[in-house]
Amino acid sequence: MPIYPKKNPGKIMSEKKQIRSALISVYYKDGLEPVVRLLHKHGVALYSTGGTQTFIESLDIPVQTVESLTSYPSILGGRVKTLHPKVFGGILGRRHNNSDQAEMQQYGIPSFDLVIVDLYPFEQTVASGADHASIIEKIDIGGISLIRAGAKNYQDVLIVPSSAHYPELLKILSENEVSSTMEERMRFAAYAFAMSSHYDSAIFNYFSGQTAYQEFRSSVGNAHTLRYGENPHQKGEFFGNLNEVFEQLHGKELSYNNLLDLDAAIALISEFDETTFAIIKHNNACGIASRERLIDAWQAALDGDPVSAFGGVLVTNKAVDTETAAEINKLFFEIILAPGYEKNALDLLQTKKNRVILQAKSFDFQGKQFRSLLNGVLQQDKDLKTEVAADLRVVTHISPGDEEIQDLLFANKVVKHSKSNAIVLVKNRQMAGSGAGQTSRVDALRHAIEKAGSFGFDLNGAVMASDAFFPFADSVELAHKAGIVSVIQPGGSVRDEDTIDYCNANALSMVFTGIRHFKH
């Protein structure tokens, strides 16, 4: 149904409405001054309360207090300031409705053409580790009500729901001599409802975390349209702020599949403190190694599978030096992610126009993950368990040596980030072969052994990691014949003893972690 049925809809959307009065109630004042000065310059009547009123007065700009309008002071320790019919009537009153206008005149209610709000920082207060009472006091009541009221009456009111929108507001006011169009008011109303729903979701998630009551609520803004989804015939969007995670220094726009690989790359490289290089392909590591020198880690990672490395995503936990960059530059790859780059290294890597170069930032990722499926959503805690030497339980007569333990822990980190069913073979902190995403564990092992052999790896003295228990002894038998000397697995099969007996009979060591690392 048209907004005004008797008029042309296109004309209505572009018609300008002059702003003559503004209600301003914000928490953060940064960026507000030029807006206030522009409004004052054009003779806009300003209304405010509390800290915002004090801020405007400090600019030597006249402002009418909300208290003088309502004849009520701010009460209950500031919990009630703007919740009054003279405030909300001025926002919700319909200018084209004769009955509304008559009532507003009867009760002395002024019209507000512009409402600027910035809410109490609830999420930031929770993130700061504040106590429960402080968090509760940062639940904004008046501000969120002003936002919803202004958005509902977007036909007559321009609602600005956050300090993040001050620049856009200033641009509109400057270009239109302090007026707004219906299209602009509708867009800002959308911003407003996005803000209110996000704010309420954050509050709900806090309360649900304190109780047993659970519903799924997630709110992520900053929509970014991708070239396409997983395939060209699928639409794709990313919601979130990638600038918090990394800075793009060079190259083309990131794709849907690039982002999936980067997520896998960051999760894997975060497991390692020692100098490590990894190559990711379709969310799995096709090569990874740890060495004292970065160039050696790179070469060992590439040797793991130089065929799959073509067109892959490279990731390291150390700054890239020029020597390493020169070797990397010999390979065609899509993306490299590192915490830093020497200047000459960066110049060299930037010689390829479309190559994406990213500089990682320190970022604390949320501890939950979810995915849509069927007619709902699955949610779980992220798999943040990383086993250390103290977590290993030797179940065989022979115990692994110190170097074998290092390799076992290395392999376990990699298999944790490989698609199930997964097997990873490691020798001297270098992945020698892997089998990921297989329908049986023994097939995953066969694939890993075949890959290792195709690239000339000698598996004698290597170790094997499995993301889940072995249902039969056939896998350790096959591994032993290939040269594997030590095994790490969760354990937990009803036939664990068969696997242990084979190891004992053939001088293999094996450790149980008690932790399964399925990844689907």
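Up top is the structure these notes are about.
Analysis parameters
- Residues numbered from 1 in each chain as written.
- Predicted model: local features only at pLDDT ≥ 70, side-chain atom pairs only at ≥ 80, totals over all residues.
- Heavy atoms only, no water.
- Core = buried A, V, L, I, M, F, W, Y, C linked by side-chain atoms within 4.5 Å.
- Buried < 20%, exposed > 50% of the residue type's maximum accessible area, 1.4 Å probe, protein only.
- Helix = DSSP H or I, 4+ residues; strand = E, 2+ residues; numbered from the N terminus.
- Contact = heavy atoms within 4.5 Å.
- Salt bridge = Lys/Arg side-chain N within 4 Å of Asp/Glu carboxyl O.
- Axes fitted to C-alpha atoms, helices over the stretch in contact; angles between N-to-C directions.
- Parallel < 35°, antiparallel > 145°, perpendicular 65-115°, else oblique.
- Nonpolar A, V, L, I, M, F, W, Y, C, P; charged D, E, K, R; others polar.
- Left-handed = near helix turned anticlockwise from the far one by under 90°.
- Pairing = 2+ DSSP bridges.
- Phe/Tyr/Trp six-rings, centres within 6.5 Å; stacked < 30°, edge-to-face > 60°.
- Lys NZ or Arg CZ within 6 Å of the ring centre and 35° of its normal.

Enquirer: Describe the nonpolar core, naming the residues involved and giving the relevant values.
Expert: Ranked by size, the top nonpolar core spans 37 residues in total, and within it Leu262, Ile280, Ile288 and Val414 carry the most contacts. A per-element tally of this core places helix H12 (residues 256-269) first, with seven residues. Beyond its immediate stretch of four places on either side in the chain, Ile280 contacts Asp261, Ala264, Ala265, Leu268, Ala285, Gly312, Val313 and Val315.

Enquirer: Outline the pattern of salt bridges, listing residues and values.
Expert: On inspection of all chains with the given rule, the structure shows 19 salt bridges. Here Arg95 makes a salt bridge to Asp113, at a shortest N to O gap of 3.6 Å. Of this pair, Arg95 sits in the loop between helix H5 (85-92) and helix H6 (98-106) while Asp113 sits in the loop between H6 and strand E5 (114-118); the two residues are 18 residues apart in sequence, bridging distant segments of the chain. Each member of the pair, Arg95 together with Asp113, is buried. Here Lys171 ties to Glu175 by a salt bridge, and the two come within 3.0 Å at their closest N and O atoms. Placement of the pair is Lys171 and Glu175 together in helix H10 (residues 166-175), with a separation of four residues, close to one helical turn. Via salt bridges that share partners, Lys17, Arg95 and Asp113 belong to a single interconnected network.

Enquirer: Quick rundown of the packing of H5 against helix H9 (residues 142-152)? Include the residues and the values.
Expert: H9 packs onto H5 with a crossing angle of 30° between their chain directions and a minimal axis gap of 8 Å. When the axes of H5 and H9 are compared, the pair comes out roughly parallel. Between H5 and H9, the contacting residues are Val87, Phe88, Ile91 and Leu92 on the first element and Gly142, Ser145, Leu146, Ala149, Gly150 and Lys152 on the second. Split into classes, the residues belonging to the contact of H5 with H9 amount to six nonpolar, three polar and one charged.

Enquirer: Describe in detail helix H13 (residues 294-304), supporting the description with residues and values.
Expert: Taken across its eleven residues, H13 has eight buried, putting it largely inside the fold. Those residues of H13 hidden inside the fold are in contact with strand E11 (276-281), strand E12 (284-290), strand E13 (313-316), helix H14 (322-328) and strand E20 (431-435).

Enquirer: Any chance you could break down the packing of H9 against helix H11 (residues 182-210) for me, citing the residues and the numbers?
Expert: Where H9 contacts H11, the axes come no closer than 9 Å and their chain directions differ by 145°. Seen from above, H9 lies across H11 with left-handed handedness. Contacts between H9 and H11 pair Ile144, Ile147, Arg148, Ala151 and Lys152 from the former with Ala189, Ala192, Phe193, Met195, Ser196 and Tyr199 from the latter.

Enquirer: Got a sec to walk through the sheet that holds strand E4 (residues 64-65)? Specific residues and values, please.
Expert: With parallel pairing, five strands are arranged side by side in an open sheet as E4-E3-E2-E5-E6. Each edge of the open sheet is held by one strand with a lone partner, namely E4 and strand E6 (158-160). Where E5 meets E6, three bridges bridge the pair, whose relative direction is parallel. Bridge pairing in E6 links Leu114 to Leu158. Packed on one face of the sheet, helix H2 (residues 33-41) meets strand E2 (21-26), strand E3 (45-48) and E5 and runs near 160° to E2.

Enquirer: Would you mind going over the packing of aromatic side chains in detail, with residue names and values included?
Expert: Applying the stated criterion across every chain, the model contains 13 aromatic pairs. Considering the side-chain rings of Phe122 and Tyr206, the 6.0 Å spacing of their centres and the 85° angle between planes classify their relative orientation as edge-to-face. Residue Phe122 is located in helix H7 (residues 122-127), and its partner Tyr206 is located in helix H11; the two are separated by 84 residues in the primary sequence. Measuring from ring centre to ring centre gives 5.0 Å for Phe310 and Phe332, while their planes differ by 45°; the resulting arrangement is tilted. Residue Phe310 is found in the loop between H13 and E13, and its partner Phe332 is found in the loop between H14 and strand E14 (335-338); the two are separated by 22 residues along the sequence. Directly above the aromatic system of Phe204 lies the positively charged group of Arg217, at a separation of 5.2 Å from the ring centroid.

Enquirer: Requested: an account of unusual backbone geometry, with residues and values cited.
Expert: Following Ser420, the chain continues into Asn421 via a peptide bond in cis, with omega recorded as -10°. Summarising the element assignment, Asn421 is placed in the loop between helix H16 (402-416) and strand E19 (423-426). Even without being glycine, Val178 reaches a positive phi, approximately 60°.

Enquirer: Outline the sheet that holds E19, supporting the account with residue identities and numerical values.
Expert: Strands sit in the order E18-E23-E22-E21-E19-E20 across an open sheet of six strands; the sheet is mixed. Each edge of the open sheet carries a strand with a single partner, namely strand E18 (393-394) and E20. The strands that helix H19 (residues 496-505) touches are strand E22 (486-489) and strand E23 (509-512); relative to E23, the one it contacts most, it runs at about 150°.

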